[in-house]
Amino acid sequence: MDNYEFCTRWIAEQDLGEGVRVLDYGCGAGTIVRKLRDLNIDAYGCDVFYEGGDYSKLVDTALPDDAILRMDENVIPFDDESFDFVISNQVLEHVEDLDHVLAEMARVLKPDGQVISLFPDRGVWREAHCGIPFLHWFPKYSQPRVYYAAAWRVLGFGLLKKDKTVMQWSRDFCEYIDRWTHYRTRREIDAAFNRRFSDLRHIEDEWLRRRLGRRKNLASWLPAAIQKTAATKLGCLVSVAHKSPRI
Ligand SMILES: C[S@@+](CC[C@H](N)C(=O)[O-])C[C@H]1O[C@@H](n2cnc3c(N)ncnc32)[C@H](O)[C@@H]1O
């Protein structure tokens, strides 16, 4: 099961009453929106469609025009208290102002609405966009990591190589990480969620078992805490929280 399927199933398995509405924040091409709509769940998406990876041309043309909206000034283009669930998949490591984004998510959630977020923290072992271990642990703009990434690339590692030379590929990805990613520690992330939401739960163990599918027995015998750590180091944080009554 991939992350799209995981998010879709997780929503579908909640207690969905009449008129439930779901928002996919940073929806990209809208895969989750389409999958939820295929299950007759009223789903929408929004995205800034930024230069760091613009998926706007890949949005499914079968979706109605009002299903996926472009964001302006980082404001979610939907009314206050209009959604029961907000999903974000591999988005929050790209946002510069996490507090603002979480405040926006809380604004559009109905009282007691829930957020589910999947994204890597700084502690993840492999930089997910280029596939190089620990590249995001180097300070931004540092030159040695260009050679570090190039060395891994020579050994055969790395994603999206296209027809770039080793050094060009390495320079481009280091620039991408500098411009378009904002890795935070787990502690910083949890603190930001706790300011806007309540009952924060980490469900990486559930995510891991579902991702493994029929191979889940490989992980099931491990204590949940170890499953969670393995999932966050090799994959991402997976957290669920309720809109805080304080908001
Ligand atoms: C790796 S893609 C993931 C797209 C989609 N969630 C998916 O799973 O296919 C990251 C997405 O985050 C969006 N994004 C980046 N910064 C954002 C922000 N501040 N607010 C909303 N979306 C943002 C990008 O435009 C891009 O579509």
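How each quantity is defined
- Residues numbered from 1 in each chain as written.
- Predicted model: local features only at pLDDT ≥ 70, side-chain atom pairs only at ≥ 80, totals over all residues.
- Heavy atoms only, no water.
- Axes fitted to C-alpha atoms, helices over the stretch in contact; angles between N-to-C directions.
- Helix = DSSP H or I, 4+ residues; strand = E, 2+ residues; numbered from the N terminus.
- Left-handed = near helix turned anticlockwise from the far one by under 90°.
- Contact = heavy atoms within 4.5 Å.
- Nonpolar A, V, L, I, M, F, W, Y, C, P; charged D, E, K, R; others polar.
- Phe/Tyr/Trp six-rings, centres within 6.5 Å; stacked < 30°, edge-to-face > 60°.
- Buried < 20%, exposed > 50% of the residue type's maximum accessible area, 1.4 Å probe, protein only.
- Arc of directions from axis to C-beta.
- Near = heavy atom within 4 Å.
- Polar contact = N/O pair within 3.5 Å; in protein donor to acceptor, adjacent residues only side chain to side chain.
- Areas by Shrake-Rupley, 256 points an atom, 1.4 Å probe, with all protein chains shown as cover.
- Disulfide = S-S within 2.5 Å.
- Right-handed = clockwise from strand over helix to strand, strands pointing away.
- Pairing = 2+ DSSP bridges.

## Some words on the packing of helix α3 (residues 98-108) against helix α6 (residues 186-196)
For any two helices packed against each other, one specifies the inter-axial angle together with the distance between the axes. In contact at an axis separation of 9 Å, α3 and α6 are set at 35° when each is read in the N-to-C sense. Helix-helix and strand crossings are classified by hand; for α3 and α6 the assignment is right-handed. Across the interface between the two elements, L98, D99, L102, A103 and A106 from α3 touch I189, A192, F193, R195 and R196 from α6. The residue makeup of the contact of α3 with α6, split by class, is seven nonpolar, no polar and three charged.

## Considerations on the packing of aromatic side chains
Both the distance between ring centres and the angle between the ring planes are used here to describe each pair of aromatic rings. Scanning the entire structure with this criterion turns up 12 aromatic pairs. Judged by centre distance (5.9 Å) and plane angle (35°), the ring pair of F193 and F197 falls under tilted. We classify F193 as buried; its relative accessible area is 1%. F197 gets classed as buried once you look at its relative accessible area, which sits at 2%.

## Re helix α9 (residues 224-234)
Among the residues making up α9, those that are buried are Q227, A231 and T232. Projected down its long axis, α9 carries its buried residues within an arc of 125°, all on one side. Looking at α9, the residues exposed on the side facing more than 90 degrees away from the buried face are A225 and L234.

## A few points about the environment of D66
Within the secondary structure, D66 sits in the loop between β2 (42-47) and β3 (68-70). In this structure D66 comes out as partly exposed when scored by relative accessible area, which is 45%. Residues D66 and G45, 21 residues apart in the sequence, show an inter-C-alpha distance of 9.1 Å.

## With respect to the site of the ligand
In the vicinity of the ligand, 17 residues are found, and the nearest of them are Y4, Y25, G26, D47 and N89. At 2.7 Å from a nitrogen atom of the ligand is found a side-chain nitrogen or oxygen belonging to Y25. One of the backbone nitrogen or oxygen atoms of G26 is found 2.7 Å away from a nitrogen atom of the ligand. Burial of the ligand by the protein amounts to 91% of the accessible area it has alone, namely 590 Å². For the shell around the ligand, the per-class residue count stands at 10 nonpolar, six polar and one charged.

## A word on the state of the cysteines
For the structure on display, the rule yields zero disulfides. Looking at C27, it has no disulfide partner, and the nearest cysteine sulfur is the one in C46, 6.4 Å off. According to the relative accessible area criterion, C27 is buried, its value standing at 8%.

## Brief notes about the pairing of β2
With five of its six residues buried, β2 lies for the most part within the structure. Following the chain from strand β1 (residues 21-25) across helix α2 (residues 31-38) to the adjacent parallel β2, one finds a crossover that is right-handed. With three bridges connecting them, β2 and β3 associate as parallel partners. Along β3, the bridge assignment pairs D47 with R70.

## Description of the sheet that holds β1
In space, the seven strands of this open sheet follow the order β3-β2-β1-β4-β5-β9-β8, with mixed pairing throughout. Pairing within the sheet leaves two strands with one partner each, and these edge strands are β3 and β8 (197-202). Each adjacent strand pair in this sheet contributes to an overall mean axis angle of 20°, direction not counted. Sheet analysis places β1 next to β2, joined by five bridges and oriented parallel. Its bridge partner being in β2, R21 is matched across the sheet by D42. The sheet contacts of α3 involve β1, β4 (83-89), β5 (109-119), β8 and β9 (237-243), and relative to β5 the element is tilted by about 140°. Packed on one face of the sheet, helix α7 (residues 204-212) meets β5, β8 and β9 and runs near 130° to β9.

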